[in-house]
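# Reading the structure
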Amino acid sequence: MYKVLIINSPLFRDKNNLYDEDSLPPIGLGIIATAMRENGLDVELIDAVASKIPLKELVKIVSQKRPDFICTNVFTTNLELVKEFVALISYSTHFIIGGLSTKNLYKEIFEWNSNNNPIDVVCGDGELIASDLILNQIKQIPKEEKKGRRYFMVDANSVYYSKEISIEKLDRTHFVNEPIKNIFEYSEANIVTSRGCIYNCAFCAAARSLNKEFGIREKSAISVIMEIQHLIDLYPNLQSIRVLDDLFLKNADSVEKAIEIFKYFNLRWRSMAHVQTFNKVSKETIHKLKQSGCDELFIGIESGSPEVLKRIHKTTNIELIKKNLSELLRSGINIKGYFIYGFPKETKKDFKKTYELAKYLTNVAQENNVHFRTSVFQYRPYHGTELYHSVENEKGNSYINEILAVKPNKELSDLLGRRQFNFHSGNHSASDLDAVHDYIIKTSSLNSLCIFDPYAKNRVNKKTDF
Ligand code: SF4
């Protein structure tokens with residue numbers, strides 16, 4: 001029987017105790033592992049992120065286990081690390097590398113040093129193709145092939161495309177970090193109910209226009225209800241569900257569907273939503289959403305500048321953003337808002353508008369005795385995104401190669417205390433880097449108003465007088 005190791009690839013070379021972003025189980029890899037086990041393979045999943053395994057230790061573990069196949073994922077941020085990992089595995093094995101970014105990276109992966117080990121690159125659903133690759137029963141011609149490297153695209157035309165995700169199976173024993181205590185101290189497990197996003201943000205690799213070939217798929221309400229019931233049976237003390245979809249609440253219909261699903265349970269829940277989700281949702285429906293157990297929504301606000309918002313294809317109507325999000329806060333739903341500083345061409349005036357929007361929402365939250373948490377990042381271009389290509393067009397190819405070497409932003413992490421860990425790949429804004437950092441720190445510091453921020457006391461508050 002083939003021995004397979006699935007690795008949720010590390011984000012850092014060394015053990016990084018500063019990293020404290022939410023630890024989430026790699027659901028997609030868990031689905032792949034489940035399918036492999038059903039196909040009779042001896043499979044193990046190592047979560048190098050949750051287990052904070054440094055690169056060298058990971059190489060040691062893998063070299064001791066000597067699996068016949070190593071399946072792993074790659075992102076823009078850890079491309080160099082995964083490349084190094086592959087080069088450091090010196091015994092004879094076979095790599096399968098997946099992830100959305102492979103669509104733009106596979107040619108580069110083809111050139112990696114793998115000590116003559118074959119590499120298959122898969123873009124799209126992995127659960128049906130992976131076992132066939134391992135068992136050498138592949139039913140699809142590679143899109144491209146070169147000296148022991150093959151690239152497979154699993155789009156809607158592929159025999160390996162998962163048309164009906166309602167029936168997908170997930171063996172949760174593969175995960176090391178579930179259930180966890182969430183920020184509200186509730187025991188929480190995670191689900192994914194859809195694949196794909198309907199929006200088109202210019203900085204995001206999941207944008208609709210970049211992923212048309214994969215289609216958007218949603219699980220039926222009944223299958224989600226059954227999955228939640230399964231989690232309750234599995235974890236008897238479960239108190240909360242986090243829905244990890246790119247966008248669970250995307251429009252008025254999805255709000256109704258969420259209320260329908262969660263009204264069956266005495267559970268809290270949290271999920272992603274869009275700033276425009278609530279455009280046509282009444283106050284009564286928002287109240288029902290809260291009553292269904294909705295504790296917190298994660299919302300990508302990104303910027304308070306209409307000019308920047310226009311460039312990233314988000315609504316430029318700041319009053320609408322304020323209205324929609326204030327309504328949630330007034331109804332008792334907490335919000336974690338994501339902001340980005342340093343977009344291409346962004347100026348200090350734009351930074352100021354973003355900060356003012358974050359401050360406004362913090363004040364509304366305080367007035368209503370709920371919490372508005374901020375999560376703030378420095379802009380970095382992701383492979384294949386619209387903004388990545390505009391930076392490439394404007395500044396040339398050698399510049400973009402520099403970007404490939406995304407590095408942890410230690411300076412910013414130290415300034416922010418343990419609360420955030422950031423990567424950087426250049427300052428693309430029209431302002432100086434100090435101003436970018438100052439506004440990141442200032443907006444992050446709004447969290448110190450939030451009683452749920454466990455790291456507020458560790459944060460250094462610099463330059464808050466603007
Ligand atoms: S940032 Fe969110 S809403 Fe925008 S395209 Fe990406 S997943 Fe969709």
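Note that the structure is predicted; figures quoted are calculated from it, not measured. (Residues numbered from 1 in each chain as written. Predicted model: local features only at pLDDT ≥ 70, side-chain atom pairs only at ≥ 80, totals over all residues.)

## A look at the pairing of strand β3 (residues 69-73)
For a regular strand, side chains alternate in direction, first toward one face of the sheet and then toward the other. So the rule is basically this: Comment: burial labels come from other C-beta atoms within 10 Å of the residue's own C-beta, placed from the backbone, where a count of 20 or more is buried, 12 or fewer is exposed, and between is partly exposed. Helix numbers and strand numbers start at the N terminus; a helix is a DSSP run of H or I with at least 4 residues, a strand a run of E with at least 2. Any two strands with at least two DSSP-identified bridges between them are counted as paired. Looking down the strands as they point away from you, a crossover is right-handed if its path from the first strand over the helix to the second goes clockwise.
Judged by how many residues are buried, β3 sits mostly within the fold: 5 of 5 residues are covered. The two faces of β3 match: Phe69, Cys71 and Asn73 on one face and Ile70 and Thr72 on the other face are all buried. Pairing analysis gives 4 bridges linking strand β1 (residues 3-8) to β3, with the strands arranged parallel. Counterpart to Val4 in the pairing with β3 is Phe69. Note: β3 against strand β4 (residues 94-98), 5 bridges, orientation parallel. By the bridge assignment for β4, Thr72 is matched with Ile97. The parallel pair β3 and β4 is bridged by helix α3 (residues 79-88), and the resulting crossover is right-handed.

## Considering the site of the ligand
Operational definition: We call a residue near a molecule or strand if the C-beta atom, set from the backbone, is within 6 Å of it. Each residue is assigned to one of three groups, with Ala, Val, Leu, Ile, Met, Phe, Trp, Tyr, Cys and Pro labelled nonpolar, Asp, Glu, Lys and Arg labelled charged, and all others, Gly among them, labelled polar.
Contacts to the ligand come from Cys197, Tyr199, Asn200, Cys201, Cys204, Ala206, Ala207, Asp246, Leu247, His274 and Gly300. Residue composition of the shell around the ligand, grouped by class: 7 nonpolar, 3 polar and 1 charged.

## Brief notes about helix α12 (residues 386-395)
When α12 is considered as a whole, its buried residues turn out to be Glu386, Leu387, Tyr388 and Val391. Residue Gly396 follows α12 closely and has a positive phi angle near 90 degrees.

## Considerations on the packing of helix α6 (residues 221-234) against helix α7 (residues 252-262)
Here is the rule we go by: Angles shown run from 0 to 180 degrees and are taken between the N-to-C directions of axes, each axis being a line fitted to C-alpha atoms and, for helices, limited to the stretch in contact. Note that the term roughly parallel is reserved for angles under 35 degrees, roughly antiparallel for angles over 145, roughly perpendicular for angles of 65 to 115, and oblique for everything else. Rotating anticlockwise by less than a right angle from the far helix to the near helix defines a left-handed crossing, while the corresponding clockwise rotation defines a right-handed one. Whether two residues are in contact is decided by their C-beta atoms, placed from the backbone, lying within 7 Å.
Between α6 and α7, the shortest axis-to-axis distance is 9 Å and the interhelical angle comes to 40 degrees. Relative to α7, α6 is oriented oblique. Seen from above, α6 lies across α7 with right-handed handedness. Residues Ala221, Val224 and Ile225 of α6 form the contact with α7, whose participating residues are Lys257, Glu260 and Ile261. Each residue belonging to the contact of α6 with α7 can be placed in one class, and the counts come to 4 nonpolar, no polar and 2 charged.

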